[in-house]
Number of protein chains: 2
Amino acid sequence: MTELSNKRIVLASRPSGRPSAENFRLENVPVAEPADGQVLLKLHYLSLDPYMRGRMSDAKSYAAPVALGDVMEGGTVGEVIASRHKDFAVGDMVLSHSGWQTYAVADGSVLRKLDPNAAPLTTALGVLGMPGFTAYAGLLTIGQPKAGETVVVAAASGPVGSAVGQIAKLQGARTVGIAGGADKCRALIDDFGFDVALDHYRSDFADALKQACPSGIDVYFENVGGKVFDAVVPLLNPFARVPVCGLVAQYNSTGAFDGPNRLPLLMRDILSKSLTIRGFIQRDFSEQRPAFYQAMTQWIKDGKVRYREDIADGLENAPEAFIGMLEGKNFGKLIVKIS
Amino acid sequence: MTELSNKRIVLASRPSGRPSAENFRLENVPVAEPADGQVLLKLHYLSLDPYMRGRMSDAKSYAAPVALGDVMEGGTVGEVIASRHKDFAVGDMVLSHSGWQTYAVADGSVLRKLDPNAAPLTTALGVLGMPGFTAYAGLLTIGQPKAGETVVVAAASGPVGSAVGQIAKLQGARTVGIAGGADKCRALIDDFGFDVALDHYRSDFADALKQACPSGIDVYFENVGGKVFDAVVPLLNPFARVPVCGLVAQYNSTGAFDGPNRLPLLMRDILSKSLTIRGFIQRDFSEQRPAFYQAMTQWIKDGKVRYREDIADGLENAPEAFIGMLEGKNFGKLIVKIS
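Residues numbered from 1 in each chain as written. Chains lettered and ligands numbered in written order. Predicted model: local features only at pLDDT ≥ 70, side-chain atom pairs only at ≥ 80, totals over all residues. Heavy atoms only, no water.

## Concerning the interface of chain B and chain A
Accessible area lost upon the coming together of the parts is a frequently used measure of interface size.
For step 1, the next point in the chain: At the interface, 38 residues of chain B touch 38 residues of chain A.
For step 2, the next point in the chain: Taken together, both faces of the contact between chain B and chain A bury some 3,300 Å²; the carbon and sulfur share is 64%.
For step 3, the next point in the chain: Joining chain B to chain A, the criterion identifies zero salt bridges.
For step 4, the next point in the chain: The interface formed by chain B and chain A contains nine residue pairs in polar contact (both at pLDDT 80 or more).
For step 5, the next point in the chain: Of all the secondary structure elements, the ones that give two or more residues to the side of chain B that touches chain A are β12 (236–244), α7 (263–272) and β13 (276–279) of chain B.
For step 6, the next point in the chain: With nine residues, α7 of chain B is the single largest residue contributor to the side of chain B that touches chain A. (Contact = heavy atoms within 4.5 Å. Buried area = accessible area lost by both parts, 1.4 Å probe. Salt bridge = Lys/Arg side-chain N within 4 Å of Asp/Glu carboxyl O. Polar contact = N/O pair within 3.5 Å; in protein donor to acceptor, adjacent residues only side chain to side chain. Helix = DSSP H or I, 4+ residues; strand = E, 2+ residues; numbered from the N terminus.)

## Some thoughts on the side chain of lysine 273 of chain A
All names here are of chain A.
For step 1, the next point in the chain: By the element assignment, lysine 273 lies in the loop between α7 (263–272) and β13 (276–279).
For step 2, the next point in the chain: Comment: no salt bridge for buried lysine 273; closest opposite-charge side chain is aspartate 269, at 4.4 Å.
For step 3, the next point in the chain: There is a polar contact of 3.4 Å between the side chain of lysine 273 and the backbone oxygen of valine 233.
For step 4, the next point in the chain: Sequence-distant contacts of lysine 273, that is, excluding residues within four places in its chain, are made with Val233, Pro234, Leu236, Asn237, Pro238 and Phe239. (Buried < 20%, exposed > 50% of the residue type's maximum accessible area, 1.4 Å probe, protein only. Lys, Arg positive; Asp, Glu negative; His and termini not counted.)

## Some details on the relation of the copies chain B and chain A
For step 1, the next point in the chain: With an RMSD of 0.1 Å, the fit of chain B onto chain A corresponds to turning through 180° and sliding 0.0 Å along the axis. Such a combination of rotation and displacement between the chain copies is what one expects of a two-fold axis.
For step 2, the next point in the chain: Of the interface residues in chain B, 100% have counterparts in chain A that sit at the interface too, so the contact is made through matching surfaces. (Least-squares fit on C-alpha atoms with pLDDT ≥ 70 in both.)

## Here we look at the sheet that holds strand β8 (residues 150–153) of chain B
Pairing between sheet strands relies on hydrogen bonds along the backbone, with the strands arranged either parallel or antiparallel.
For step 1, the next point in the chain: Spatially, twelve strands are ordered β10(A)-β9(A)-β8(A)-β11(A)-β12(A)-β13(A)-β13(B)-β12(B)-β11(B)-β8(B)-β9(B)-β10(B) in an open sheet, and the strand pairing comes out mixed. The open sheet terminates on both sides in strands that have one partner only, identified here as β10 (196–199) of chain A together with β10 (196–199) of chain B. Here the average twist between neighbouring strands, direction ignored, is 15°.
For step 2, the next point in the chain: Two elements, β8 of chain B and strand β11 (residues 217–221) of chain B, share three bridges in a ladder whose sense is parallel. (Pairing = 2+ DSSP bridges. Axes fitted to C-alpha atoms, helices over the stretch in contact; angles between N-to-C directions.)

## Side note on the state of the cysteines
For step 1, the next point in the chain: What the rule picks out here adds up to zero disulfides over all chains.
For step 2, the next point in the chain: No disulfide involves cysteine 245 of chain A; its sulfur sits 19 Å from that of cysteine 213 of chain A, the nearest cysteine. (Disulfide = S-S within 2.5 Å.)

## Section: helix α4 (residues 182–190) of chain B
Residues and elements named next belong to chain B.
For step 1, the next point in the chain: Taken residue by residue, α4 has Lys184, Cys185, Ala187 and Leu188 as its buried positions. Buried residues of α4 fall within an arc of 160° about the axis and therefore sit on the same side.
For step 2, the next point in the chain: Considering only its buried residues, α4 is in contact with β9 (174–179) and β10. (Arc of directions from axis to C-beta.)

## Some thoughts on the pairing of β8 of chain B
Residues and elements named next belong to chain B.
For step 1, the next point in the chain: Residue alternation in β8 divides its side chains into two sets, Thr150 and Val152 and Val151 and Val153, and both sets are buried.
For step 2, the next point in the chain: Examined bridge by bridge, β8 and β9 share four bridges and lie parallel to one another. Looking across to β9, one finds that valine 153 is bridged to glycine 177.
For step 3, the next point in the chain: In this view, the connection linking β8 to its parallel neighbour β9 by way of helix α3 (residues 159–170) has right-handed handedness. (Right-handed = clockwise from strand over helix to strand, strands pointing away.)

Following this line, the structure appears as C-alpha cells:
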C-alpha cells in the first residue's frame, strides 16, 4: 500500500480573470493510510464544474476557497482498495468529494455507495449527481413552472441546463434553450427536446429571444449572467421567477463593470412586475435529495430525461479541460477519466 | 342633489422627473347621480402614497396609468349621502378608491364599511389600510423575520416602514430603521421602538449602517432604492430576504443611470449568498387581508403597534403635499382632509 504514489493537482496560485495552466501544479506524494472508520480509494472519475472557479478565488462566498498548495476540490467516483469501515468492502464503488487526484483517503461516513448495474458510474457526477440535483431543486422549488408557461434556460446544453429543460417539459412548460453554436443548438432540439433553440452568438440575439417568447418569460433559469440576462429581463412576465444557479459569463471578470448602471432598472422591474430573483446552491435543498434520486432514476429509465457526457482522458489534462469549460468548449457534463 | 359641484384634481400632463404643480389641474364638474347598486359619497379623507407617482407615467407597470384628463386615483374615506344599494344607508362611512375629488359615485360591491368607534377613520388609509397591509404581508410572507435576526427598514418613519419595524419587533427581531433627519430618527426610537435609528443624510451612512448591523442583515425591507440599497447589499447575510415594496428614491429619475454597472455584482451576491429579492404589491396577497385586519386591530388596541399621521388640509393642497412626500417632507402617513 505505501508503495503507491498519489498524483494530484494543487492550486499553485490564484487566477486574476481567466485561469491558466500556471495556476495549477501536478505533484506526486505518498498515498496515506486509512485510519479507523476510513477507506482508501482509487479514483476513477473526476467531475469538473463551473463552481470550482469560485473556489480558486479568495473572495467571500458560501464556501471557503481552496488554500494555495491544497488539492483542487471536486466530486469523484472511486473504488475502495482498502477499508477500515464496516459498511465498505474492497471493490465497492463510491461517490466521494476527493478532488483532483488519483488516490484518496475518505471517512466512510461521507461516502455514497454506487450500484454499477443501476446506472453508468459517471452519471453519479452528472444527471444523477450534483448537476442533475441542482436542476431539479432549483427549477421545481424556485422556478415552479406550470403547464403552458414559458421557461428559458441558459447554458442549456450543459449538464444542469439540459436537465432543467427536460424537467420543465415534464411539467408541461414550453422550453426555450440558449446555447453557443449550431451543434449545441441542434442537440437542444434533437437530444433534449427543447421547443426552441437559440444561439447566443447571434448578433440579433435579443430580438431572436423576443421572437421566441411571444407570451413573455415566466421562468428564467440563470446559469450565465451578462448579455443573456440583459436580454431576458425586459421579457419577464409579472410574477416571473428567476432561480440564479450560476453566472459563468462573469466568473472571470475582474474589477468594476462599465456603465450604464443597470441595477436601478432591474429593481424597477422587480417591483413593477412582482418578480422573484433567488440564488441557490443545491445544498440549500438537501432534504429533497431522496425524492430527486427516485424521480430522476425513473425518468432516465423511461427515456424521459436524456443526458450527454464529455469525458477527458487523464488527470494531467484536467486543468486544460476545466479552462475550456469556462469558455464553453465542452459539450455535455465534463468528466475526467482518471485512470 | 344635482346642485352639488364636484371639485376634482385631474392629471394635466405627465411629469418628466420630479412632478410639479403644472402636472395637475383643479376642475369643477357636476356631481353624477348614483345608478342602481351604487352610492353617492361625500369624501372626507384622501390618502397620498408614493405609488401614485407610477400612475402618472405611462411606463409599463402592474397597473394602468391614469389617463390624461382623468381624476388622479387614490384611496378615500367617504360618507354615504345617497344610496341605491341595500347594504348602505345615508350616513354610513366607507372606504373607497375614489381618487382626488370631493364627491364620487361608487359601486356598493367595492366598498368596505368602516366602524368609526373601532378606530379613527383615517387609520383605514394607513395602519389599518393599504400601507399597514403592505407592511404586514411583505414582511411576514417574503421577509419572514425570525427571533434574533436583524431587520433593516428604509423610509422607516413612513406608514409602511414604521409598521414593518414594529411587526418585525413582535417576531423577536432586532430592528434598524433608516430615515432622513434627526426628528424622524428620534421618532423611530421613541414612537416606533426601533433598536437603532440611522439618518441617511449622514455622510458616513454606509459605515454607520455597518456598525449598526454587527451580525449582518437578514431582512431588508426595500422602500427606497438608490444609495441605501447600495449600502445594504454588502451586509446581507447568506439566505437574506429582500421584499421590494418601493423605490421612492428613483421614481423621479429619467433615462439611464451612470456607471459602474452594479447589476453583475448584485447577481454575484444573489448567487454566492443564496439571496431572495422579490417585488410585490399588497394585492398579490389579498387572501391574507382578513388575518391582517384581525391581527393589526388587536396590536393597535394592545399598544403594540403605534402609528403617526400627517394631515394636509384641503383638496387643493394635495399636489403640493404629494410632491413634498416624494422628497421626504411628510412625517407619518400623509392624508388630505378634503372637507
